[in-house]
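Fold and contact review
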Amino acid sequence: MAEDRESSDRKHEKSKKRDREHEKNGVSKKEIKREYKDEPYDSGYHSQIKRDYKLNHSIKEENYSDDDYLSSNKRKQSDDDYSVKDEKLLSDDDIPLSNRKRKHSASSEDDVPLSARTKHIKKEHNSSHKKHKKDKEHKSKHREKDRNHSSKDTKHKEKKENNTSQKESPTKSPTKKKKEEEPQEVWKWWEEEKKDDGVKWKFLEHKGPVFAPAYEPLPSNVKFYYNGKVVALSEPAEEVATFYAKMLEHDYTTKEVFNKNFLKDWRKTMTHKEKELITDLSLCNFKEMNVYFTKKSEERKAMSKEEKKKIKEDNEALQKEYGFCTIDGHKEKIGNFKIEPPGLFRGRGEHPKMGMLKKRVMPEDVLINCSKDSNIPKPPPGHKWKEVRHDHSVTWLASWIENVQGQVKYVMLNPSSKLKGEKDWQKYETARRLAKSIDKIRENYINDWKSREMHVRQRSVALYFIDKLALRAGNEKDEDQADTVGCCSLRVEHIQLHEEFNDKEYVVVFDFLGKDSIRYYNEVPVEKRVFKNLKIFMENKKGNDDLFDRLNTSILNQHLHELMDGLTAKVFRTFNASWTLQQQLEKLTDPNVSVAEKILQYNRANRAVAILCNHQRAVPKTHEKSMGNLKEKIQNKRAQVKEAKEQYKQAKRDVKDGSVHSKTQLEKRKKALERLKEQLTKLEVQETDKEENKTIALGTSKLNYLDPRISVAWCKKFDVPIEKIYNKTQRDKFRWAIDMAGPDYVF
């Protein structure tokens with residue numbers, strides 16, 4: 001008891017001593033504050049500074065004995081001390097020193113001399129730093145989670161918005177996105193050294209073609225009638241009858257030539273008894289067959305998603321197995337690995353062989369081409385190939401002769417393949433070489449207009465037409481082929497001469513059927529010497545006589561080959577098409593308009609080429625309907641723009657009050673109006689483009705006659721996405737051009 005009382009007296013005495021020290025130094029209790037109390041992170045270094053400040057300005061350094069130090073830890077709070085609750089609210093500096101609660105810690109710095117603190121400062125610094133690092137990592141993890149959560153919400157929101165937006169920016173599922181991101185092997189063959197030894201490949205392996213499925217006989221309830229009576233046809237005859245039944249609603253079945261050729265070939269498949277019975281096509285009734293196939297077609301269209309998916313998967317599996325080959329260590333896609341099924345030949349225009357039977361191609365008709373050291377394709381069970389070759393100087397994988405026109409058909413590589421790409425590249429490079437020699441060639445044929453030899457004059461005039469009008473050279477046709485002509489096969493009846501026509505002098509009017517029986521009509525003013533020569537060529541000739549009777553394609557191409565290595569009449573067409581596109585793009589492109597308007601300008605340049613090359617088409621059946629829908633969309637969009645303008649004007653008036661909300665609303669209305677105007681422009685451009693191109697086929701020239709590097713360079717120069725000009729298949733075809741051409745490429 002006495003010892004405790006003594007200890008308590010000592011503590012009280014020390015407290016009074018400290019208060020007297022404060023008064024001497026002129027420091028009030030409230031003035032003792034920490035210099036860095038707002039610092040969020042207190043490293044050991046900062047703690048030391050604070051402690052030094054406290055020691056220098058409040059309490060003179062005191063050395064406590066071990067007994068004092070231990071006894072101070074046992075000190076209890078006096079009755080007039082602050083409550084625990086109040087102590088939490090106030091810092092130590094706001095509590096009188098005599099009332100401060102000492103921390104029950106063996107490392108209390110206030111009672112330890114400075115000389116002994118260094119070690120502890122390091123420890124405190126390290127532990128404090130570790131704690132701070134842990135807190136930082138913990139917060140970082142939380143922030144990352146929040147960010148991920150926020151990003152998921154944003155993606156979900158964007159996906160929701162995209163689903164309701166236009167088709168121009170469809171939302172892609174994660175699976176599709178993953179597929180797109182998968183790296184594809186790209187064979188940059190155009191960067192390899194090219195050899196002109198005639199060898200197309202060193203190793204070629206494939207699985208052969210896929211044949212058409214066997215014929216499935218009609219159900220017993222589907223009848224064929226002849227002269228009002230049911231006739232049970234043999235399977236070969238029934239199969240050919242179904243070809244006609246499927247086309248019953250088509251215009252072809254109203255044509256005499258088609259019906260005559262069909263009946264003739266159909267009878268060849270009949271039994272002797274059927275031939276005796278069926279002699280008149282007008283007595284045949286195919287209606288039940290037609291209804292059956294129409295119903296089957298509707299069922300296919302009405303298939304469930306699962307059924308369509310199953311068919312798609314089967315096709316993909318077939319493509320995977322037969323649609324690829326290995327060529328010189330690279331996997332390449334095959335273009336047409338499926339052999340065309342049997343059917344009725346249609347032909348273009350008024351083809352004399354329309355309606356004839358295209359027979360089923362069998363393995364015994366097919367030649368296979370592959371490497372000797374490859375796995376030779378196996379024919380279907382019970383069959384064998386006609387022949388297996390190992391010819392590395394050709395690019396085809398399989399070939400056969402079709403029975404209607406006697407033409408050789410081939411299984412070739414896809415247009416995106418090396419062999420096809422090299423051929424395209426070479427074609428456009430030859431056309432570029434012609435661009436450098438064209439002035440000299442033109443000078444030559446102009447001089448030949450005055451030649452004393454008639455065949456030279458005819459050749460020079462024909463070459464003038466091929467160059468100026470981009471006409472095809474034209475080949476002689478047999479009687480059983482469609483009556484289509486080119487420049488060298490023009491007849492007298494195909495042209496008319498007018499010294500004056502529609503206020504123009506020396507006009508030649510061309511009117512004939514070109515390739516695919518497409519009519520070529522053109523009124524062309526020509527040079528006076530050309531006009532006179534044509535008059536001479538037509539003297540003493542009838543309408544069906546040849547205009548250039550001393551010229552054919554072979555003679556013309558032989559002469560062109562002498563003028564430039566690799567030059568043929570066909571190269572002029574490629575040259576003129578590419579040159580026209582480049583000139584038109586330079587003339588029409590405005591760099592300051594929107595992407596949609598630039599695409600319209602590109603299509604107009606392309607249309608000039610299509611007109612030059614006579615790439616016409618019939619107006620699509622759905623044109624009027626689609627134009628009607630488009631006009632309706634434009635009207636609705638104009639109404640939206642009008643409404644948005646009113647809202648923007650109102651927001652302008654409201655902004656005068658100067659509030660933040662009204663300014664935000666003004667900016668929002670402005671952006672909405674701009675977006676709607678852009679959408680309206682896009683629709684109007686689309687309408688113009690559709691109307692201008694309804695009778696013009698832009699695709700033919702773009703894929704076959706225009707150097708793709710011109711289009712690629714234009715896209716890169718004027719910031720137009722290449723996807724807007726070429727679709728995925730076309731980009732694969734012209735991968736070499738996309739990689740090769742820069743914005744400054746010139747044809």
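Residues numbered from 1 in each chain as written. Predicted model: local features only at pLDDT ≥ 70, side-chain atom pairs only at ≥ 80, totals over all residues. Heavy atoms only, no water.

The chain goes by DNA topoisomerase I in an unreviewed UniProt entry, where it is assigned to Sipha flava. Turning to the chain, the UniProt annotation filed under Sequence similarities (unreviewed entry) states: "Belongs to the type IB topoisomerase family." The annotation that UniProt attaches to the chain under Catalytic activity (unreviewed entry) is "ATP-independent breakage of single-stranded DNA, followed by passage and rejoining." (UniProt positions renumbered as here; feature names shortened; annotations may be inferred.)

**Here we look at the sheet that holds strand 9 (residues 367–369)**
Strand order across the open sheet formed by four strands is 10-9-11-12, with mixed pairing between neighbours. In the strand order of this sheet, the two ends are held by strand 10 (387–389) and strand 12 (408–411), each with one partner. Put simply, the sheet's adjacent strands are angled 20° from each other on average, direction ignored. In this sheet, strand 11 (residues 398–401) lies alongside strand 9 in antiparallel orientation, the contact comprising two bridges. Bridge pairing links Leu367 to Ser399 in strand 11. (Pairing = 2+ DSSP bridges. Helix = DSSP H or I, 4+ residues; strand = E, 2+ residues; numbered from the N terminus. Axes fitted to C-alpha atoms, helices over the stretch in contact; angles between N-to-C directions.)

**Some details on the packing of helix 12 (residues 418–447) against helix 13 (residues 454–469)**
The N-to-C vectors of helix 12 and helix 13 enclose an angle of 140°; their axes lie 9 Å apart at closest approach. By the criterion of interaxial angle, the relationship of helix 12 to helix 13 is oblique. The two elements helix 12 and helix 13 meet at a crossing, and its hand is left-handed. From helix 12, Ile438, Arg442 and Tyr445 reach across to helix 13, where they touch Ser460, Leu463, Tyr464 and Asp467. The residue makeup of the contact of helix 12 with helix 13, split by class, is four nonpolar, one polar and two charged. (Parallel < 35°, antiparallel > 145°, perpendicular 65-115°, else oblique. Left-handed = near helix turned anticlockwise from the far one by under 90°. Contact = heavy atoms within 4.5 Å. Nonpolar A, V, L, I, M, F, W, Y, C, P; charged D, E, K, R; others polar.)

**Some remarks on the pattern of salt bridges**
Once the charged atoms of two side chains with opposite charge are near each other, the side chains can pair. Enumeration over the complete set of coordinates arrives at 23 salt bridges. Measuring nitrogen to oxygen at the nearest pair gives 2.8 Å for the salt bridge that ties Glu239 to Arg360. Note that Glu239 is positioned in helix 7 (residues 235–246) and Arg360 in the loop between strand 8 (357–358) and strand 9, a separation of 121 residues in sequence. A salt bridge links Asp467 to Arg442, with the nearest nitrogen and oxygen atoms 2.7 Å apart. Separated by 25 residues along the polypeptide, Asp467 in helix 13 and Arg442 in helix 12 bring together distant segments of the chain. (Salt bridge = Lys/Arg side-chain N within 4 Å of Asp/Glu carboxyl O.)

**A few points about a positive patch on the surface**
Taken together, Lys645, Lys649, Lys652, Arg653, Lys656, Lys670 and Lys677 make up a surface patch of like positive charges. Those elements that place two or more of their residues in the positive patch are helix 18 (623–654) and helix 19 (660–692). A per-element tally of the positive patch places helix 18 first, with four residues. One can find Lys677 in helix 19. The exposure class of Lys677 is partly exposed, given its relative accessible area of 39%. (Patch = residues over 30% accessible without salt bridge, like charges linked within 9 Å, V, L, I, M, F, W, Y side chains within 5 Å. Areas by Shrake-Rupley, 256 points an atom, 1.4 Å probe, with all protein chains shown as cover. Lys, Arg positive; Asp, Glu negative; His and termini not counted. Charge placed at Lys NZ, Arg CZ, Asp CG, Glu CD. Buried < 20%, exposed > 50% of the residue type's maximum accessible area, 1.4 Å probe, protein only.)

**Overview of the packing of aromatic side chains**
Here the structure, examined in full by the defined rule, presents 27 aromatic pairs. An angle of 45° between the planes, with centres 5.7 Å apart, marks the rings of Trp266 and Phe286 as tilted. You can see Trp266 sitting in helix 8 (residues 256–269) and its partner Phe286 sitting in the loop between strand 4 (284–285) and helix 10 (287–301), a full 20 residues away along the chain. Residue classification places Phe286 among the buried residues on the basis of a relative accessible area of 3%. Look at Tyr726 and Phe734: their rings are 5.3 Å apart centre to centre, the planes differ by 55°, and that puts the pair in the tilted class. Each member of the pair, Tyr726 together with Phe734, is buried. Connected via pairs of aromatic rings, a cluster forms that spans Phe224, Tyr244, Tyr252, Phe258, Phe262, Trp266 and Phe286. (Phe/Tyr/Trp six-rings, centres within 6.5 Å; stacked < 30°, edge-to-face > 60°.)

**Comments concerning unusual backbone geometry**
One non-glycine residue, Ala470, lies in positive phi territory at about 55°. Along the chain, the position of Ala470 falls in the loop between helix 13 and strand 13 (495–501).

**Some words on the side chain of Arg459**
Tracing the sequence through the fold places Arg459 in helix 13. Other than its neighbours up to four places away in sequence, Arg459 contacts Asp448, Leu551, Leu556 and His559.

**Topic: the packing of helix 7 against helix 8**
Between two packed helices, what matters for the description is the angle formed by their axes and the separation of those axes. Axis separation between helix 7 and helix 8 bottoms out at 8 Å; the angle between their running directions is 165°. As far as their axial angle goes, helix 8 and helix 7 are roughly antiparallel. Along this stretch, helix 7 crosses helix 8, giving a crossing that reads as right-handed. When helix 7 is examined against helix 8, the residues Pro236, Ala237, Val240, Ala241 and Tyr244 are found in contact with a partner set consisting of Phe258, Asn259, Phe262, Trp266 and Thr269. Of the residues belonging to the contact of helix 7 with helix 8, the class tally is eight nonpolar, two polar and no charged.

**Considering the pairing of strand 14 (residues 504–513)**
Of the pairings in the sheet, the one linking strand 13 to strand 14 comprises six bridges and is antiparallel in character. Its bridge partner being in strand 14, Gln496 is matched across the sheet by Val509. Counting the residues that bridge the hairpin from strand 13 to strand 14 gives two residues, and of these Asn502 lies at a positive phi of roughly 50°. Where strand 14 meets strand 15 (residues 519–525), seven bridges bridge the pair, whose relative direction is antiparallel.

**What to know about helix 15 (residues 553–563)**
When helix 15 is considered as a whole, its buried residues turn out to be Thr553, Leu556, His559 and Leu560. Looking straight down helix 15, one finds that the buried residues subtend no more than 135° of arc, so they occupy a single side. Opposite the buried face of helix 15, by more than 90 degrees, sit the exposed residues Ser554, Gln558 and Glu562. Where the residues of helix 15 are buried, they touch helix 13 and helix 16 (569–588). Backbone nitrogen of Ser554 and a side-chain oxygen of the N-cap are separated by 3.1 Å at the start of helix 15; the cap is Asn552. (Arc of directions from axis to C-beta. Polar contact = N/O pair within 3.5 Å; in protein donor to acceptor, adjacent residues only side chain to side chain.)

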